[in-house]
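So you can see what is in the structure, the chains are spelled out below.
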Amino acid sequence: GPLPIEMCVNLHDISLAAQKVLPERAWTYYASASEDLHSHRRNLHDWDRILFRPRVLKNVKHVNMHRKILGFESSLPFFIAPAAMAGLGHPDGERCLVRGAKKFNIPYFVSDGSSVSHEDLAQELEREGYGGVLFYQLYAKKKKDLTIQRIHRARQLGYKALIITVDTAVMGIREEDDRYRMRQAFERGEKYIPLCGLAPLTKDDDWVLRGVHNAALDWNDLKWVKEAWGNTGPISIKGILTTEDAKIACEMGFQSIYLSNHGGRQIDSGPSGLRALLEIRRFYPDVFDKCEVLLDGGVRRSRDILKALCLGATGVGLGRPFLYALSAYGTEGVLKVIQILSDELEISMRLLGVTSLDELRPHMVNKLDLDNS
Ligand code: FNR
């Protein structure tokens, strides 16, 4: 079995525990990324190329880790990123994530491809407990009416912000998922239909994994998305990786951009969210006055979160660590991940010489190594 949960000291231990217990299909879907995994590896390694410039003797006895994310109070500066199909890892699936978000009062961005219904998750949030807030992550469907229906339903259910993911015109090429299915089909003597990309949608296809995405979507469509959401709450555009697109999103009046390469699962050799942040800081510094910047990809330590905040991000998301946690340990695992990150953050803030996240500034990091590459 997996390591007893008490013995997990960091997010790497949680990931190893998940790898031990997960069935192959689930591990493959969660852990894999596209093509040669360049973007995924960069996500993990780029963080360590930013150095801190720690200050000493600053009286760091009391530390405040609160932060507003998309206008909602959060006890910590990170959130649960949208990830489909938590049900592959645990029968309670996304419910575990709602419970974690509640207990620690952090936002949970619920995926459009959630295994548990959005109604049930909204109800789970209403149960007795502390805080938490649910945001709705949307993939535009091929049919406009269906997309609008989804947006209206999210409003009715009380989801507080809309995140539209725009990096998925088609699915990236996830070869490990393909191989797994290929082998399964072969063993059953069935015909193999490729998982990703250009394969036609058949009736009983798992929509998350195949072509429900709308490759015809463009910036103009975001106007009707915005209209359908109305003034329910803020909208964030997820999957922005360039200055050009950041500018368009801000100029169209969206409240937030969310820098992400989708956990390295879409275009391979795209930049990490962190590199995109550096580019946008350099060529479009006004972005921070106009738009709230969120980011994710490869965050496994709270020191990564601190670096992103120094460079102007408001909040940082984690995807896989939460899937691994619920797979290995259910709700307890989710709570453990948040607790580990919270402890790490408190310590890193003190060692950096700050007592509040509002004090974080670009001069507190040295990013020369990344600037020059
Ligand atoms: C994702 N991601 C994702 N993003 C999204 O907008 N909608 C979705 O349904 C999914 N589904 C999904 C499934 C799985 C298994 C993974 C690993 C990722 C991307 C996710 O929101 C986030 O961008 C990355 O997971 C961040 O990288 P890390 O934290 O996993 O390294």
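Residues numbered from 1 in each chain as written. Predicted model: local features only at pLDDT ≥ 70, side-chain atom pairs only at ≥ 80, totals over all residues.

- Per an unreviewed UniProt entry, the protein carries the name L-lactate dehydrogenase and comes from Oidiodendron maius.
- In UniProt, the protein has this text filed under Cofactor (unreviewed entry): "FMN". (UniProt positions renumbered as here; feature names shortened; annotations may be inferred.)

So, the environment of Gln123
Logical step 1: Inspection of the secondary structure puts Gln123 in helix H5 (residues 118-126).
Logical step 2: Taking the C-alpha atoms as reference points, Gln123 and Ala228, separated by 105 residues in sequence, lie 23 Å from one another. (Helix = DSSP H or I, 4+ residues; strand = E, 2+ residues; numbered from the N terminus.)

Observations regarding helix H9 (residues 243-251)
Logical step 1: All of the buried residues in H9 are Ala246, Ala249 and Cys250. Here the buried residues of H9 occupy an arc of 95° about the axis, which is enough to place them on one side. Structural note: H9 exposes Glu244 and Glu251 on the side pointing more than 90 degrees away from its buried face.
Logical step 2: Elements in contact with the buried residues of H9: strand E8 (235-240), strand E9 (256-259), helix H10 (273-283) and helix H11 (287-290).
Logical step 3: Directly beyond the C-terminal end of H9, a positive phi value near 90° is found at Gly253. (Buried ≥ 20, exposed ≤ 12 C-beta atoms within 10 Å, placed from the backbone. Arc of directions from axis to C-beta. Contact = placed C-beta atoms within 7 Å.)

Focus on the nonpolar core
Logical step 1: Among the nonpolar cores identified, the biggest contains 100 residues, and Leu97, Phe135, Leu162, Ile257, Leu277 and Leu295 are the most heavily contacted of them.
Logical step 2: Among the elements that make up this core, the one with the highest residue count is helix H13 (residues 320-352) (15 residues).
Logical step 3: Other than its neighbours up to four places away in sequence, Leu295 contacts Tyr258, Leu259, Ser260, Gly273, Leu274, Leu277, Ala308, Ala313 and Val316. (Core = buried A, V, L, I, M, F, W, Y, C linked by C-beta atoms within 7 Å.)

Section: the packing of helix H1 (residues 11-21) against H13
Logical step 1: Look at H1 against H13: their axes get within 10 Å of each other, and the N-to-C directions meet at 165°. Taken together, the axes of H1 and H13 lie roughly antiparallel to each other. Where H1 crosses over H13, the handedness of that crossing is right-handed. Packed against H1, whose contacting residues are Leu11, Ile14, Ser15, Ala17, Ala18 and Val21, the element H13 presents Pro321, Tyr324, Ala325, Ser327, Ala328, Gly333, Val337 and Ile340 at the interface.
Logical step 2: Grouping the constituent residues of the contact of H1 with H13 by class yields eleven nonpolar, three polar and no charged. (Axes fitted to C-alpha atoms, helices over the stretch in contact; angles between N-to-C directions. Parallel < 35°, antiparallel > 145°, perpendicular 65-115°, else oblique. Left-handed = near helix turned anticlockwise from the far one by under 90°. Nonpolar A, V, L, I, M, F, W, Y, C, P; charged D, E, K, R; others polar.)

Quick look at the pairing of E8
Logical step 1: Counting buried residues along E8, six of its six residues qualify, which places the element largely inside the surrounding structure.
Logical step 2: The sheet contact formed by strand E7 (residues 162-165) and E8 spans four bridges and is parallel. Bridge pairing in E8 links Ile163 to Ser236.
Logical step 3: Of the pairings in the sheet, the one linking E8 to E9 comprises four bridges and is parallel in character. Paired with Lys238 across the bridge in E9 is Tyr258.
Logical step 4: You can see the chain leave E8, run along H9 and come back into E9, and the turn it takes is right-handed. (Pairing = 2+ DSSP bridges. Right-handed = clockwise from strand over helix to strand, strands pointing away.)

Topic: the pairing of strand E6 (residues 133-138)
Logical step 1: For E6, the buried fraction is high: six of the six residues fall into the buried class.
Logical step 2: Burial along E6 is two-sided: Val133, Phe135 and Gln137 and Leu134, Tyr136 and Leu138, pointing in opposite directions, are all buried.
Logical step 3: Here strand E5 (residues 107-110) pairs with E6 via four bridges, running parallel. Bridge pairing links Phe109 to Phe135 in E6.

Remarks on the site of the ligand
Logical step 1: By nearness alone, 25 residues border the ligand, and Ser111, Thr165, Gly263, Gly319 and Arg320 come closest of all.
Logical step 2: Elements supplying a minimum of two residues to the shell around the ligand: helix H2 (24-31) and H13.
Logical step 3: Looking at side-chain class alone, the shell around the ligand contains nine nonpolar, eleven polar and five charged residues. (Near = placed C-beta within 6 Å.)

What to know about H5
Logical step 1: Listed as buried for H5 are His118, Leu121, Glu124 and Leu125. For H5, the angular spread of the buried residues around the axis is 115°, confining them to a single face. Seen from the buried face of H5, the exposed residues on the opposite side, beyond 90 degrees, are Glu119 and Glu126.
Logical step 2: Where H5 is buried, its residues touch helix H4 (95-104), E5, E6 and helix H6 (144-156).

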